[in-house]
Amino acid sequence: MPREEGQVARGAEGVETGEVKREEKVERLERPRLEGGLKFARRFTDSALHPYDVIEGGWEPRTALITNEKGEKIFEQKEIEIPKSWSMLATNVVVSKYFRKSKDPSKREHSVKQLVDRVAKTISQWGRQGGYFDTAEDVDTFEAELTHLLVNQMAAFNSPVWFNVGLEPHPQCSACFINSVEDNMDSILRLTRTEGMLFKYGSGTGTNLSPIRSSKEVLSNGGEPSGPVSFMKGYDAFAGVIKSGGKTRRAAKMVILNIGHPDIQEFINCKAEEEKKAWALIDAGYDGSFNGVAYQSVFFQNSNNSVRVADEFMHAVLEDDLWQTRAVTEPDRVVDTYRARDLMRQIAEASWICGDPGMQFHTTVNAWHTCPETAPINASNPCSEYMFLDDTACNLASLNLMKFRDEAGNFDVEAFRQAVRITITAQEILVDNASYPTPAIEQNSHDYRPLGLGYANLGALLMARGTPYDSAAGRAMAAAITALMTGEAYRMSAEMAAHTDPFSGFEKNSKAMLHVMGKHRAALEGVENGLSPKDLLATEPLLEAARSVWDEALVLGTKHGYRNSQATVLAPTGTIGFMMDCDTTGVEPDIALVKYKKLVGGGVLKIVNQTVPEALRHLGYTEEKVTEIISYIDENGTIEGAPHLKDEHLPVFDCAFTPANGVRSIHYMGHVRMMGAVQPFISGAISKTVNMPGEATSEDISRAYIDSWKLGLKAIAIYRDGCKRTQPLNTSLKEGVKEKESLRPIRRRLPDERPTIGHKFSVGGHEGYIHVGKYDDGTPGEIFITMAKEGSFISGLMDTFATAISIALQYGVPIKVLVDKFSHTRFEPSGWTNNPKIRYAKSLMDYIFRWLGMKFLTPEEQGIAVEPAPEGLKVEGDLTDGQATVLAEAERQIFLAQADAPPCHECGSTMVRNGSCYRCHNCGATSGCS
């Protein structure tokens, strides 16, 4: 590497050898260099018309407005100019986050035209100054085509580009960073500073801590070392204090340890042990919300943890062999010996408890490494999609796949290729004009020029085509599109190298890189295996185009080299997914056919997936039948049982979560298989958390990890629904006015004869009975809870608790206060119920108090809104029993998507999972690094 101290070399298991690998001087080969610069032809634009003048629907004035969950205004900007085709969510996100801010209203951006011009014109100008283009006409063409892609939501750069480009000479343009650390205190503390500055400005970083000697070794002065897990506590504390972007946002951070490190067992279990501490605090009555006392009191809540394993370890697991850890300072010395299966079991059990650690497959990662002669790949960014050399950065961009379809609904190959050419060129131009946080990262960015082009809306595209996500046809389509994208990106990178030079590290790594390029091309053979004639007919044009593009990429790369060491990743597309109005992110399927958006002041907005009608039409259903099916989905929350729908078409509409009134969803291995299908065609890796149902076992998780390795994934992370005990849906009590101490509560006793209401319930198979005694005015005054077959201990606790609640009611505590306080508390037993209005309960208390709320609170007190819906949408709020069912389903969907999510740092709404990170559906904020 260019930095003086060099790279720490690692062995096959990623265990440090203690040697320093210095960059050797390599004489550059004389490669033919073409005269002039890049030439671009127009595909989307006309030289006689500006892209803004022909945008679909034209432009309109709007007001961008974002409120928090209390309805308080947190952002507003009036009289802004927005394309009519953009949604209000896209409008709010772009205006609040990306428009240039200024105290002087005349300097504040007020139009999307200004934003897009600022980015597109600046990049084009930098490209002209850098000699990228052949003629002035090519500059104009490039700028117009890039402008068209951006303003029509066909492509978007990662957030730092929108934040900074055009506002300063050398802006920070990268969202993803990988940092190194060495086995000395100066390096360990320097990493703290580097991470802190990255968090401050909203970027994410990952580091492999394996170079730090273990707690089982000795220091040079004979003392005992702390070990990497102890230093992780310090890193975590700083991340928690600084947060990300200087706000309350969770820091985006990845921590990695090699399976051969002596402290690996402590690392595997560290986060799970802290999770158990948080549970104990929650059980003791402390606030269990994401930012509550319980989770803020324990370590490792600000990072994603991953164990890095080599093939040798995975084979040892399969063969039930032993596994040895070796000292960092003395690689030949064995420190501990384990059964490999015991370590794998611990990984799976810890993941079952808290979702960490994930796994990164070192051998697979480095088998696809384009620069192995420089140093191995040891780490990734926080979301695991960017994997490359230590001390490097990557700027990301994503393409909206739904925007690349012709009038017949077929994928437009040539339009997609043009978009890749334009976008990858723009990303390349950014490299030399951006700023970087450390000298090492700056030098490596210039020398290796890694880029991260990806896409979003794959799930929506497949559904619109009538193709199931979890199917051979769906995987083949995704693989072909991904191969086409990466092939065209590298073809364009070779073309850029022909006019400038290959990246500086290419000559030393040329043999290895060309070998990897050949592996990408070879992976295309066999993609069509198992397809039906119909599916093959639909996929073959894409496959042929991908093969042709890769052939060109190999020929040009062999002749001229490549300008970029890496070209593509699949990122979570958080905020920019909102900017492009994407229905699905990255490689994800849709979450559900029916989604629920919480409304200001309470209540929910019910939205039926707008891709469903298009899919039904593609499958041959008449407009009349489409209308009836959509009506059924709207009423029942599921497509299962819909009139006219053929059974063979059900898989097309399978989503990540099971609807309350249905049984179908995509099996977690469907997610893993999709990742396996596209991984061979990505330079980096894939950001995606594989959601597993709450009833999944640690053995299921272990099998998912092993199968992921067998399928060739570079990294995998799982999240078991409900494993966190956070309470994102808890309603905190408003601070009331303190009563004067002289006022004393008076007990209002019930009459000897009073009306009662009885109710039988079942939560996760645990049956019980509730009896509520009422005053003459119908308000509750006492409650009795009896559990069937639960033993004297549980029965005694429930009886005592019911007595305490009864006394509270009789002393005037409002039933709403109790419902708000105890609803959504989470502990076992939890599970599905026999009540259609409360489909899922997080605990017995959750069920009991939500039932009490339904019986004794008004719809307004329950947070059920009755207000007009936006045009084309339907609000479920007619104050009928059906409304409670809708609300219950809304809570279930929100719970599934938000089980461990933090509150949004911008508006306070509960965020939802997005890959390994989170994003807010209210204001568009993200917790990740893209």
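Here, every reference points to the structure presented above.
Quick look at the structure, then. The shown structure was predicted, so the numbers you read here are calculated from the model rather than taken from an experiment. (Residues numbered from 1 in each chain as written. Predicted model: local features only at pLDDT ≥ 70, side-chain atom pairs only at ≥ 80, totals over all residues. Heavy atoms only, no water.)

**What about helix H3 (residues 136-151)?**
With 16 residues, H3 extends 23 Å between its outermost C-alpha atoms, agreeing within 8% with the 22 Å of an ideal straight helix rising 1.5 Å per residue. Most of H3 is tucked away: 13 of the 16 residues are buried. Where H3 terminates, the next one or two residues include Gln153, which has phi positive at roughly 60 degrees. (Helix = DSSP H or I, 4+ residues; strand = E, 2+ residues; numbered from the N terminus. Expected span 1.5 Å × (residues − 1). Buried < 20%, exposed > 50% of the residue type's maximum accessible area, 1.4 Å probe, protein only.)

**Describing the packing of helix H12 (residues 413-433) against helix H15 (residues 472-499)**
Running from N to C, H12 and H15 cross one another at 50 degrees; their axes reach a closest spacing of 9 Å. Judged on the interaxial angle alone, H15 and H12 are oblique. Along this stretch, H12 crosses H15, giving a crossing that reads as right-handed. Counted together, Val413, Phe416, Arg417, Val420, Arg421, Ile424, Thr425 and Glu428 of H12 and Ile481, Leu484, Met485, Glu488, Ala489, Arg491, Met492 and Met496 of H15 form the full contact between these two elements. Along the lines of polarity and charge, the residues of the contact of H12 with H15 split into ten nonpolar, one polar and five charged. (Axes fitted to C-alpha atoms, helices over the stretch in contact; angles between N-to-C directions. Parallel < 35°, antiparallel > 145°, perpendicular 65-115°, else oblique. Left-handed = near helix turned anticlockwise from the far one by under 90°. Contact = heavy atoms within 4.5 Å. Nonpolar A, V, L, I, M, F, W, Y, C, P; charged D, E, K, R; others polar.)

**Things to note about the pattern of salt bridges**
Close approach of charged atoms allows side chains with opposite charge to pair. Inspection of the entire model under this criterion finds 45 salt bridges. The salt bridge partner of Glu330 is Arg333, with a shortest N-O separation of 3.3 Å. Residue Arg333 is classed as partly exposed on the basis of its relative accessible area of 32%. A salt bridge links Arg475 to Asp470; the shortest N-O distance between them is 2.9 Å. A relative accessible area of 19% means that Arg475 is categorised as buried. Salt bridges sharing common partners tie together Arg521, Glu525, Glu528, Glu540, Glu544, Arg547 and Asp551. (Salt bridge = Lys/Arg side-chain N within 4 Å of Asp/Glu carboxyl O.)

**Points about the environment of Ala642**
With respect to the element layout, Ala642 can be found in the loop between helix H20 (623-636) and helix H21 (668-678). Taking relative accessible area as the criterion, Ala642 reaches 9% and is therefore assigned buried. Considered as a pair, Ala642 and Glu628 are 14 residues apart in the sequence and their alpha carbons are 8.1 Å apart. When near neighbours in sequence (up to four residues on either side) are disregarded, Ala642 contacts Ile629 and Tyr632.

**Here we look at the packing of helix H2 (residues 112-129) against H12**
At a minimum axis separation of 9 Å, H2 and H12 run at an interaxial angle of 75 degrees. Put simply, H2 runs roughly perpendicular to H12. Of the residues in H12, those in contact with Ile123, Trp126 and Gly127 of H2 are Ala426, Ile429, Leu430 and Asn433. Across the contact of H2 with H12, the residue classes break down as five nonpolar, two polar and no charged.

**Comments concerning helix H22 (residues 698-710)**
Think of an α-helix as 3.6 residues a turn; residues three or four steps apart then line up on the same face. Given a rise of 1.5 Å per residue, 13 residues ought to cover 18 Å, and the 18 Å separating the end C-alpha atoms of H22 matches this to within 8%. Looking at H22, one finds that the buried residues are Ser698, Asp700, Ile701, Ser702, Ala704, Tyr705, Ile706, Ser708 and Trp709. Once H22 ends, the next one or two residues include Gly712, with phi positive near 90 degrees.

**Observations regarding the pairing of strand S8 (residues 253-258)**
A regular strand places its side chains so that they alternate between the two faces of the sheet. Along S8, six of the six residues are buried, which leaves the element largely enclosed by surrounding structure. Taking every second residue as pointing to the same face, both faces of S8 are buried, with Lys253, Val255 and Leu257 on one and Met254, Ile256 and Asn258 on the other. Alignment of strand S7 (residues 204-208) against S8, held across four bridges, turns out to be parallel. The partner of Thr207 across the bridge, within S8, is Val255. One ladder, built from five bridges, connects S8 with strand S9 (residues 304-309); its direction is parallel. Looking at S9, one finds that Asn258 is bridged to Arg308. (Pairing = 2+ DSSP bridges.)

**Some remarks on a nonpolar patch on the surface**
On the surface, a cluster of nonpolar side chains totalling about 300 Å² of accessible area is made up of Phe793, Ile794 and Leu797. Looking at the secondary structure, you find Leu797 in helix H23 (residues 791-810). For Leu797, a relative accessible area of 46% gives the class partly exposed. (Patch = residues over 30% accessible without salt bridge, like charges linked within 9 Å, V, L, I, M, F, W, Y side chains within 5 Å. Areas by Shrake-Rupley, 256 points an atom, 1.4 Å probe, with all protein chains shown as cover.)

**Focus: the environment of Asp581**
Assignment of secondary structure puts Asp581 in the loop between helix H18 (575-579) and strand S17 (594-598). Judged by relative accessible area, which is 26%, Asp581 ranks as partly exposed. Between the C-alpha atoms of Asp581 and Met154, which are 427 residues apart in sequence, the distance is 9.7 Å. Discounting chain neighbours no more than four positions away, the residues touching Asp581 are Ser85, Trp86, Ser87, Ala90 and Gln153.

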